[in-house]
Amino acid sequence: MARPVNGQGGATGSGGSEGALRVVVVDDEPDVRLLLRLQLPPEGVHIVGEAGDGATAVQVCQATRPDAVVLDLLMPIMTGFEAIPAIREHAPDTRIVAYTASAGQFVRDKMAELDVALVLKSGDASDLVAALRGEDPAEQPASPA
Amino acid sequence: MGDATAPSVEDTAAQLDLLRRRVLNVVGHELRTPITTLRGLAEQLDRRDLGDEAAFEVHDAIRRTARRVEGLVDDLLVAAGVSTALPVGEPVPTPVAGAVAEAADRATGSVPTIEGDLDAVVLARPGALRRVLAPLLANASAYGGGAESVRIDMVEGEVVVAVIDRGPGIPAAEVGLVTEPFFRGERAVMTAAGLGLGLAVAAAIAGQHAATVSVSNGDGGGAVAEVRWPAP
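Residues numbered from 1 in each chain as written. Chains lettered and ligands numbered in written order. Predicted model: local features only at pLDDT ≥ 70, side-chain atom pairs only at ≥ 80, totals over all residues.

Caption draft 1: Spotlight on the packing of helix 4 (residues 128–143) of chain B against helix 6 (residues 198–207) of chain B. Residue and element names in this part refer to chain B. Helix 6 packs onto helix 4 with a crossing angle of 155° between their chain directions and a minimal axis gap of 9 Å. Judged by the angle between their axes, helix 4 and helix 6 are roughly antiparallel. Helix 4 and helix 6 meet at a crossing whose hand is left-handed. Along the contact surface, helix 4 presents A128, R131, V132, P135, L136, A138 and N139, while helix 6 presents G198, L199, V201, A202, I205 and A206. Residue composition of the contact of helix 4 with helix 6, by class: 10 nonpolar, 2 polar and 1 charged. (Axes fitted to C-alpha atoms, helices over the stretch in contact; angles between N-to-C directions. Helix = DSSP H or I, 4+ residues; strand = E, 2+ residues; numbered from the N terminus. Parallel < 35°, antiparallel > 145°, perpendicular 65-115°, else oblique. Left-handed = near helix turned anticlockwise from the far one by under 90°. Contact = placed C-beta atoms within 7 Å. Nonpolar A, V, L, I, M, F, W, Y, C, P; charged D, E, K, R; others polar.)

The structure is reproduced here in structure tokens:
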């Protein structure tokens, strides 16, 4: 299923260039996806697909086999938690980075158990880019009180 | 002698502390996404290479996201019983079908089939009926596979607006809780962000107009959210 860049899901072609990191962006908030479409290409990231829910994310990852996926966790139809094993099954070489507004102990423990990098949403994409490249493990924020 | 079944002061304090942390956690999470998005979008406007089309898109997203923050704060105030965030002005004749269409468009970006008494009118403060209906339609979209239809009927001196969704319905144990502030169903917590205030706010604004909001499971499966508003 291919849809335009602004669609809920599908293959896209934002910021393509030789040697760029090929990434799929998954978030149910269209404006978060818009922001990532603007933030990531100047950092050498080629967005090869987008999805607004976990089920579409699995399909897009299977179709595009990206280097990495930015994955929101709370999403309709299929959550990010549920999508992680399915993405690993269909695109085993794809690095998954969980990207969420805040993370309680359950989320931190779950991501550690699944060996998934966790990055808190920020207006600055540098931590996210580092995690997508796997150059530097995403900094684990201090545990909540 | 004290009541042996009454909770101790320590238990009550611990429960209040847990509640405080849960509320702050939910509020923090819900505000953090739009605020970080706003910051990131605003910084994009500083880029020299941002074309006109992208700049327009960013401006539009900033307006949309700021409206969302405004709505979240209003919802928090209404749910906390702060009357300053309730709709103001005198009740005016408000076409119900028009309010349904406007609420659906704002909440979900599309308008479901509206059936029944399409000429029904109620007395409502400006924007009030839309604010009552919007969370019902947003919930149908987020958890119920979308609103199958919205039905407007006149029943025993009340205008009844029923939002019928395509989802699995609400677990029996949760039916009576869904209008409680900060309540979120077991599945809802995992599948969508949210404060758990939508129906509580809808009920508060409805109450300002002697109207009511309720949610039940329909005969054909799916949830039915109903607003009953006194006919003028």
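We are not done yet, so read on.
Caption draft 2: Structural view of the interface of chain A and chain B. The interface of chain A with chain B comprises 18 residues on the first partner and 22 residues on the second. Considering every element that reaches the side of chain A that touches chain B, the biggest residue donor is helix 1 (residues 30–39) of chain A, with 6 residues. By residue class, the composition of the side of chain A that touches chain B is 9 nonpolar, 6 polar and 3 charged.

Caption draft 3: Summary view of the sheet that holds strand 6 (residues 212–217) of chain B. All names here are of chain B. The 5 strands lie next to each other as 2-4-5-7-6, forming an open sheet whose pairing is mixed. The open sheet has two free edges, formed respectively by strand 2 (114–116) and strand 6, since each of these has just one partner strand. Looking at each pair of strands side by side, their axes are set apart by 20° on average, direction ignored. As paired strands, strand 4 (residues 147–155) and strand 5 (residues 158–165) are joined by 8 bridges and run antiparallel to one another. If you follow A147 over to strand 5, its bridge partner there is D165. Strands strand 4, strand 5, strand 6 and strand 7 (223–230) of the sheet are contacted by helix 4, whose axis makes an angle of about 20° with strand 5. On the sheet, helix 6 packs against strand 6 and strand 7 and is oriented at approximately 140° with respect to strand 6. (Pairing = 2+ DSSP bridges.)

Caption draft 4: Looking closely at the environment of L72(B). All names here are of chain B. Counting through the fold element by element, L72 comes out in helix 2 (residues 52–79). A tally of 17 C-beta atoms within 10 Å means that L72 is categorised as partly exposed. Linking L72 and E30, residues 42 residues apart in sequence, is a C-alpha distance of 8.1 Å. (Buried ≥ 20, exposed ≤ 12 C-beta atoms within 10 Å, placed from the backbone.)

Caption draft 5: Spatial organisation of the environment of E226(B). Within the secondary structure, E226(B) sits in strand 7. With sequence-adjacent residues up to four places away left out, E226(B) is seen in contact with V160(B), A162(B) and S214(B).

Caption draft 6: Highlighting the nonpolar core. Counting residues in each nonpolar core, the largest one holds 52 residues, and the members touching the most others are V96(B), V132(B), L133(B), L137(B), V161(B), V163(B) and A202(B). Broken down by element, this core gets its largest block of residues, 11 residues, from helix 4 of chain B. Residues from two domains meet in this core; each of domain 1 (9–85) and domain 2 (92–230) of chain B gives at least three. Ignoring anything within four residues of it in the chain, the contact list for L133(B) reads A99(B), V100(B), A103(B), V161(B) and V227(B). Counting residues in each nonpolar core, the second largest holds 50 residues, with A117(A), L118(A), V119(A) and A125(A) among its members. (Core = buried A, V, L, I, M, F, W, Y, C linked by C-beta atoms within 7 Å. Domains from an automatic or database assignment.)

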